[in-house]
Amino acid sequence: MSKPAIIEQIANSLRQLKALSRSQKGKEILTFSLFVILAACIWFILAINDNRESTVKIPLELTEVPNDVVLLQDLPPYIEARIRDKGASLLTYQINGISPIKIDFNSHSNQRDAIVLGSTSLVEHARRQLRATTTIHDFTPDTIRIAYTRDKGKRVPITIDGNFTTSPYSTFSDSAYTTPDSVTIYGKATTLNNITAVSTEELLAHQLSDTTYLKARIRPIDGTRLIPDSVTVVIPIEEYTTKTLSIPIVIEGAPNQYTVMTFPSHVTLTCLVPISQYAHIVSDDFLVGNTFDEIQSTPGANGAIKVLNAPHIAHNIILSQDSVEYIISENINKNTTPPANNTQQ
């Protein structure tokens with residue numbers, strides 16, 4: 001809709017509203033609306049002057065943590081308190097929020113392995129953040145205990161818990177790996193002694209067609225802290241490309257007194273290989289042909305051929321033909337009887 005059309009539509013709406021306000025019905029609607037607004041204002045004034053209950057969240061912050069201390073648990077982000085005060089005060093808490101409780105490490109550490117705050121201490125901290133007229137009825141959590149350590153921890157490798165697949169025309173160019181490849185784990189010595197590696201949380205990624213980077217959290221272990229607690233999982237992917245080769249046909253297992261010739265002597269082989277391996281795949285990597293015994297058992301002068309050996313990175317292998325003509329001849333100075341069938345002198 002064009003700008004002039006929008007302006008015209010607004011003008012029409014204003015004219016209709018003006019006409020409605022001059023009518024008897026319009027005046028009744030306007031009077032009723034004013035009474036509703038007035039009633040709402042009176043209710044609001046009464047409500048904010050009444051004592052009411054509400055639930056608020058008071059943020060928590062831990063301060064003055066020494067550099068050599070590693071927390072083994074996270075501080076709860078807030079305490080949830082049920083409070084009572086005038087509606088005006090409760091509305092202020094909702095609009096402006098409540099300043100966080102700052103917990104000084106040195107004041108609440110037991111100097112051994114934990115920061116401890118009981119219910120009495122938490123109430124005292126909470127009251128400092130609220131108005132004097134506000135009453136705290138209850139709150140949760142009612143106690144806080146955060147374990148910590150000053151030990152150096154130990155470095156452990158990361159294993160990947162994942163299931164990945166590629167699209168039909170792509171393949172894995174290498175094994176998936178993480179960056180970084182290890183993390184530092186902190187905890188009590190008795191716990192760390194039994195940990196030799198950590199694992200990512202389960203990852204699923206399918207139909208990948210290009211190298212993929214996934215953010216993965218390290219699976220947590222009770223009573224420990226992992227730094228970092230998340231890593232990047234790299235899944236190397238590359239596309240396939242078509243490779244065409246001329247492969248000599250080989251008949252395996254022929255007795256020494258016989259020579260087998262095929263027509264043609266070579267077959268064209270087409271396959272899909274990873275782009276990075278294209279230059280490294282050569283005809284010598286493949287073996288195409290059949291066994292002497294199998295062509296012996298085939299009537300006529302044609303014998304089937306197949307791929308006898310191929311690199312594991314070659315896929316969708318196709319031969320330009322699936323059979324060839326062959327001749328079995330007896331070598332000179334051999335006094336053995338040639339096979340009854342399929343022999344041409």
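These numbers come from a predicted model, not from an experiment. All chains use their own residue numbering, which begins from 1 and follows the written sequence. At least 70 in pLDDT is required for a residue's local features to be given in this predicted model, at least 80 for side-chain atom pairs to be given and counted, and no such filter applies to totals for whole chains, interfaces and linings, which use all residues. Water and hydrogen atoms play no part in the side-chain values, which are based on all heavy atoms of the structure.

> Just to check I follow, could you spell out the overall build of the chain for this structure?
The numbering of helices and of strands both runs from the N terminus, where a helix is a DSSP run of H or I of at least 4 residues and a strand a run of E of at least 2. The helix and strand inventory of the chain stands at seven helices and 25 strands. Relative accessibility decides the category of a residue: with a 1.4 Å probe and only protein chains considered, values under 20% of the type maximum give buried, values over 50% give exposed, and everything between is partly exposed. Buried positions account for 32% of the 345 residues belonging to the chain. For the chain, contacts bridging at least 24 residues in sequence account for 73% of all contacts bridging at least 6. Summing over all exposed atoms, the chain offers an accessible surface of approximately 21500 Å²; the carbon and sulfur share of this is 52%. The contact rule is simple, with two residues in contact once any of their heavy atoms fall within 4.5 Å. Using a 1.4 Å probe, accessible areas were evaluated by the Shrake-Rupley method; residue-level cover was limited to the displayed protein chains.

> Sorry, what's going on with the sheet that holds strand S22 (residues 302-304) here?
Whether two strands pair depends on DSSP finding at least two bridges between them. What the three strands build is an open sheet, ordered S19-S25-S22; its pairing is antiparallel. What marks the edges here is a single partner per strand, and that holds for strand S19 (258-263) and S22. Averaged over neighbouring strand pairs, the angle between their axes works out to 45° when direction is ignored. Here S22 pairs with strand S25 (residues 323-330) via three bridges, running antiparallel. In the sheet register, Asn302 faces S25, and the bridge partner there is Glu325. For helices, the axis comes from a line fit to the C-alpha atoms of the stretch in contact; other axes are also lines fit to C-alpha atoms, and the angle between any two N-to-C directions lies between 0 and 180 degrees.

> When you look at the layout of surface pockets in this model, what are you seeing that I'm missing?
To locate leftover empty space, one rolls a probe as large as a water molecule over the atoms. Taken as a whole, the largest pocket holds about 210 Å³ of empty space. Around the largest pocket sit Leu72, Gln73, Asp74, Arg217, Ile218, Pro220, Ile221, Thr224, Arg225, Leu226 and Asp229, which together line it. The element that contributes the greatest number of residues to the lining of the largest pocket is strand S16 (residues 224-227), accounting for three residues. Partitioned by chemical class, the residues of the lining of the largest pocket number five nonpolar, two polar and four charged. With a 1 Å grid laid over protein atoms only, a set of points is called a cavity when a 1.4 Å probe fits there but cannot get out and a pocket when it is open yet has protein on both sides within 12 Å along at least five of seven lines; lining residues have an atom within 4 Å of a point. Grid points are joined across faces, edges and corners, and a volume is the space filled by probe spheres set on the points. Ten residue types, Ala, Val, Leu, Ile, Met, Phe, Trp, Tyr, Cys and Pro, are classed as nonpolar, four, Asp, Glu, Lys and Arg, as charged, and the remainder, Gly among them, as polar.

> Sorry, what's going on with the pattern of salt bridges here?
For side chains bearing opposite charge, pairing can occur when the charged atoms are close. Salt bridge, as used here: a side-chain nitrogen of Lys or Arg that lies within 4 Å of a carboxyl oxygen of Asp or Glu. As enumerated under the stated definition, the model contains nine salt bridges in all. For the salt bridge of Arg150 with Asp68, the shortest nitrogen-to-oxygen distance reads 3.0 Å. Taken together, the positions of Arg150 in the loop between strand S7 (144-149) and strand S8 (154-159) and Asp68 in the loop between strand S1 (51-63) and strand S2 (70-71) put the pair 82 residues apart, joining distant regions of the chain. Residue classification places Arg150 among the partly exposed residues on the basis of a relative accessible area of 42%. Exposure remark for Asp68: the relative accessible area of 42% places this residue in the partly exposed category. Each of Glu53, Arg82 and Asp138 takes part in one network of salt bridges that share partners.

> I tried to follow the environment of Lys86 on my own but got confused; where do I start?
Summarising the element assignment, Lys86 is placed in strand S3 (residues 78-86). For Lys86, a relative accessible area of 41% corresponds to the partly exposed category. In this structure, the C-alpha to C-alpha distance between Lys86 and Asp50, residues 36 residues apart in sequence, is 5.3 Å.

> How should the sheet that holds S16 be read in this particular structure?
In sheet architecture, strand pairing relies on hydrogen bonds along the backbone and comes in two forms, parallel and antiparallel. In spatial order, the strands read S13-S8-S12-S16; together these four strands make up an open sheet with mixed pairing. Among the strands making up the open sheet, the edge pair consists of strand S13 (198-199) and S16.

> It is not clear to me how the packing of aromatic side chains should be interpreted in this structure. Could you clarify?
Between two aromatic rings, the relevant description is the distance of the centres plus the angle of the planes. Note on aromatic pairs: the rings of Phe, Tyr and Trp (six-membered ring only in Trp) are paired at centre separations within 6.5 Å, and the planes decide the class, stacked below 30 degrees, edge-to-face beyond 60, tilted for the rest. Counted under the stated rule, the structure contains two aromatic pairs. Aromatic side chains Tyr258 and Phe292 sit 6.2 Å apart centroid to centroid with 15° between the ring planes, which places their arrangement in the stacked category. One end of the pair, Tyr258, is in strand S19; the other, Phe292, is in helix H7 (residues 292-296), and 34 residues separate them in sequence. The residues Tyr258 and Phe292 share a single accessibility class, namely buried.

> I'm lost on the confidence of the model for the chain in this one. Help?
Predicted coordinates in regions of low pLDDT should not be interpreted in detail. As a per-residue measure, pLDDT reflects the predictor's confidence and takes values from 0 up to 100. With 87% of its residues at a pLDDT of 70 or more, the chain shows a mean pLDDT of 86. When the criterion is pLDDT under 50, residues 340-345 qualifies, and its contacts beyond four places in sequence or with other chains add up to 15 contacts.

> I would appreciate a short explanation of the pairing of strand S17 (residues 230-235) in the present structure.
For a regular strand, the rule is simple: side chains alternate between the two faces of the sheet. Most of S17 sits out of view: five of its six residues are buried. Sheet analysis places strand S11 (residues 177-179) next to S17, joined by three bridges and oriented antiparallel. Along S17, the bridge assignment pairs Thr178 with Val233. Taken together, the six bridges between strand S15 (residues 212-217) and S17 define a ladder with antiparallel strand orientation. Bridge pairing in S17 places Lys215 opposite Thr232.

> Mind showing me how you'd approach the nonpolar core here?
Nonpolar side chains tend to gather and get buried jointly when the protein is soluble and globular. Counting 26 residues, the largest nonpolar core has Ile58, Ile83 and Ile115 as its most contacted members. Among the elements of the structure, S1, S3, helix H3 (87-96), strand S4 (101-104), strand S5 (114-117), helix H5 (119-129), strand S6 (135-140) and S7 are those that each provide at least two residues to this core. With four residues, the top contributor of residues to this core is S1. Apart from residues no more than four positions distant in its own chain, Ile83 is found in contact with Arg52, Glu53, Ser54, Val56, Leu90, Tyr93, Leu130, Thr134, Thr135, Ile136 and His137. Here, nonpolar core refers to any group of buried Ala, Val, Leu, Ile, Met, Phe, Trp, Tyr and Cys residues whose side-chain atoms link them within 4.5 Å. Ranked by size, the runner-up nonpolar core spans 14 residues in total, among them Leu245, Ile247, Val288 and Ala314.

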